[in-house]
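# Descriptive analysis of the structure
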Amino acid sequence: MSLAAVVLMGAVFGACDEHKTPPASGEAQREPQAQADAQAQRSRALKTLTDEDATDDARLASIHSARDLQITEATPELRKLLAHENPDIVVAAAAALDGLNAKDADLALMEAAGHLGRAREFEHLRQLLYIIGSVGGPRARTYLETVAEGHELSAIQNTARQILKEM
């Protein structure tokens, strides 16, 4: 057997030698990178939520990231966004609070619903009513009962009734 063949066999079979450490798996190397990427994404989301100059699109993306990554530290900023002038941001912030299981957000959600109603943003109001129903609790039930009985639009009343049946 030639010297080259012996070296090649040693290289191939040497990896099976019980005294040698196997090479690190690609997954083990990717794990710290994935954690670093997630932490960077969390930081960017929190920064954008607090940035008054952020565009609505950037803010929406950060709201979704906060929900998807379960960034509970974003809860105070999400509450503030319930008063935002853009109803899409209001509904997204409400959905994120629900996704973060912010059960104590019910009063803030009801206040946001009142604002959407006064602004005549009825489709957004319907979406927010579903979120209020999802958050649940006695105050949410009472609020939905009030809407079901007394809202000026029958479509909103019907939505509230439907949500109450599902609670």
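To keep things clear, this report deals only with the structure shown in the data block. Predicted, not measured: the structure shown is a model, and the values here were computed from it. (Residues numbered from 1 in each chain as written. Predicted model: local features only at pLDDT ≥ 70, side-chain atom pairs only at ≥ 80, totals over all residues. Heavy atoms only, no water.)

### A short note on the overall build of the chain
If you tally the helices and strands in the chain, you get nine helices and zero strands. Counting from the amino terminus, helix and strand elements in the chain follow one another as α-α-α-α-α-α-α-α-α. Taking all 167 residues of the chain together, 38% fall into the buried category. Across the chain, every contact between residues at least 6 apart in sequence was considered, and the portion connecting residues at least 24 apart equals 56%. By element, 54% of the accessible surface of the chain is carried by carbon and sulfur atoms, the whole surface being about 10,300 Å². (Helix = DSSP H or I, 4+ residues; strand = E, 2+ residues; numbered from the N terminus. Buried < 20%, exposed > 50% of the residue type's maximum accessible area, 1.4 Å probe, protein only. Contact = heavy atoms within 4.5 Å. Areas by Shrake-Rupley, 256 points an atom, 1.4 Å probe, with all protein chains shown as cover.)

### Re the packing of helix α6 (residues 106–118) against helix α7 (residues 122–135)
Where α6 meets α7, the axes come as close as 9 Å, and the angle between the chain directions of the two elements is 165°. One element, α6, and the other, α7, form an angle in the roughly antiparallel class. Helix-helix and strand crossings are classified by hand; for α6 and α7 the assignment is left-handed. Contacts between α6 and α7 pair D106, L109, M110, A112, A113, L116 and G117 from the former with F122, H124, L125, L128, I131, I132 and V135 from the latter. (Axes fitted to C-alpha atoms, helices over the stretch in contact; angles between N-to-C directions. Parallel < 35°, antiparallel > 145°, perpendicular 65-115°, else oblique. Left-handed = near helix turned anticlockwise from the far one by under 90°.)

### Some details on helix α9 (residues 154–166)
Over its 13 residues, α9 extends 18 Å from the first C-alpha to the last, a length consistent with the 18 Å expected when each residue adds 1.5 Å. If you check which residues of α9 are buried, you get I156, Q157, T159, A160, I163 and L164. Along the axis of α9, the buried positions cluster into a sector of 160°, meaning they face one direction only. Exposed positions of α9 whose direction lies more than 90 degrees from the buried face are K165 and E166. (Expected span 1.5 Å × (residues − 1). Arc of directions from axis to C-beta.)

### Side note on helix α5 (residues 87–99)
For the α-helix, the turn length of 3.6 residues means that residues three or four positions removed from each other point alike. Between its first and last C-alpha atoms α5 spans 18 Å; for 13 residues at 1.5 Å apiece the expected length is 18 Å, and the two agree. The buried fraction of α5 is high, at 10 of 13 residues. Burial in α5 covers these residues: P87, I89, V90, V91, A92, A93, A94, A96, L97 and D98. Where α5 is buried, its residues contact α3 (56–68), α4 (75–81), α6 and α7. Among the residues trailing α5, N101 stands out with phi positive, at a value near 60°.

### Describing a negative patch on the surface
Taken together, the side chains of D56, D57, E85 and D88 define an acidic patch exposed on the protein surface. Residue placement: D56 occurs in helix α3. (Patch = residues over 30% accessible without salt bridge, like charges linked within 9 Å, V, L, I, M, F, W, Y side chains within 5 Å. Salt bridge = Lys/Arg side-chain N within 4 Å of Asp/Glu carboxyl O. Lys, Arg positive; Asp, Glu negative; His and termini not counted. Charge placed at Lys NZ, Arg CZ, Asp CG, Glu CD.)

### Brief notes about the pattern of salt bridges
One pass over the full model with this rule turns up seven salt bridges. Note that R42 and E73 form a salt bridge whose closest N and O atoms lie 3.1 Å from each other. Linking R42 in helix α2 (residues 26–50) with E73 in the loop between α3 and α4, this pair joins segments that are 31 residues apart in sequence. Of the charged contacts in the structure, one is a salt bridge between E77 and K80, with a shortest N-O distance of 3.2 Å. Note that E77 and K80 are positioned in helix α4 at a spacing of three residues, about one turn of the helix.

### Some points on the environment of E152
Following the sequence through the fold, E152 ends up in the loop between α8 (138–150) and α9. On the accessibility criterion, E152 (56% relative accessible area) is exposed. Separated by 35 residues in the primary sequence, E152 and G117 place their C-alpha atoms 9.9 Å from one another. Within the structure, E152 has its side chain in polar contact with the side chain of R120 (distance 3.1 Å). (Polar contact = N/O pair within 3.5 Å; in protein donor to acceptor, adjacent residues only side chain to side chain.)

In short, shape yes, function no, at least from these values alone.
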